[in-house]
Amino acid sequence: MFDVAPTELLLVVVVALVVIGPKDLPKAMRFVGKWVGKARGMARHFRAGLDTMMREAELEELEKQWREQNEAIMREFPRIDEADNPAMIPATTPPQDSKPAEGEVPAEASGDEAPAEPAPETHAVPPKDGPLP
């Protein structure tokens, strides 16, 4: 942005030292530093605002393209109403492993079916500090 050569910077420092004086030069540098910091902050805020506006404009453009493509697809493949189509019947019936209704005796208790298979054996983990009891 600003192309300042080292010799130009040295010239500015010498002039500031002569004009302001060595006693007030640190205060002046602090004052200039604060203003430069504020200017950079404002520039950063401005750039962030521009970036946000550009992103929003791009998103609006993409949404517009998406809507146009969606409308074209919907025109090409119109929605079929459910009244025109019969209800589909599942190929298999759902399993009857549900809980018995109130007052109904479970199949296992009625004696109509064979007894259920026993649960698989589970083994407890032995304690680490000694043998099994």
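Let me sum up the structure you'll find in this document. It should be emphasised that the depicted structure is a prediction, and the values quoted were computed from it without experimental measurement. (Residues numbered from 1 in each chain as written. Predicted model: local features only at pLDDT ≥ 70, side-chain atom pairs only at ≥ 80, totals over all residues. Heavy atoms only, no water.)

Residues separated by three or four positions in an α-helix point in the same direction, a consequence of the helix having 3.6 residues per turn. A rise of 1.5 Å per residue sets the reference length of helix 1 (residues 6–20), with its 15 residues, at 21 Å; its end C-alpha atoms lie 21 Å apart and thus fit the reference within 8%. With zero of its 15 residues buried, helix 1 lies for the most part at the surface. Positive backbone phi, at 100°, marks Gly-21, one or two positions downstream of helix 1. (Helix = DSSP H or I, 4+ residues; strand = E, 2+ residues; numbered from the N terminus. Expected span 1.5 Å × (residues − 1). Buried < 20%, exposed > 50% of the residue type's maximum accessible area, 1.4 Å probe, protein only.)

Within the structure shown, the criterion is met by one aromatic pair. Relative to Trp-35, the ring of Phe-31 lies with its centre 6.2 Å away and its plane at 65°, an arrangement referred to as edge-to-face. Placement of both Phe-31 and Trp-35 in helix 2 (residues 25–76) is noted, with a separation of four residues, approximately one turn of the helix. Neither residue differs from the other here; Phe-31 and Trp-35 are each classed as exposed. (Phe/Tyr/Trp six-rings, centres within 6.5 Å; stacked < 30°, edge-to-face > 60°.)

A word on a positive patch on the surface. The grouping of Lys-23, Lys-27, Arg-30, Lys-34 and Lys-38 at the surface amounts to a positive patch. Relative to the helices and strands, Lys-34 is located in helix 2. Among the residues examined, Lys-34 registers a relative accessible area of 56% and is labelled exposed. (Patch = residues over 30% accessible without salt bridge, like charges linked within 9 Å, V, L, I, M, F, W, Y side chains within 5 Å. Areas by Shrake-Rupley, 256 points an atom, 1.4 Å probe, with all protein chains shown as cover. Salt bridge = Lys/Arg side-chain N within 4 Å of Asp/Glu carboxyl O. Lys, Arg positive; Asp, Glu negative; His and termini not counted. Charge placed at Lys NZ, Arg CZ, Asp CG, Glu CD.)

Applying the stated criterion across every chain yields a total of one salt bridge. Put simply, Arg-67 and Glu-63 hold a salt bridge, and the shortest N to O gap is 3.7 Å. Taken together, the residues Arg-67 and Glu-63, both in helix 2 and four residues apart, mark about one turn of the helix. In this structure Arg-67 comes out as partly exposed when scored by relative accessible area, which is 44%. What makes Glu-63 partly exposed here is its relative accessible area of 44%.

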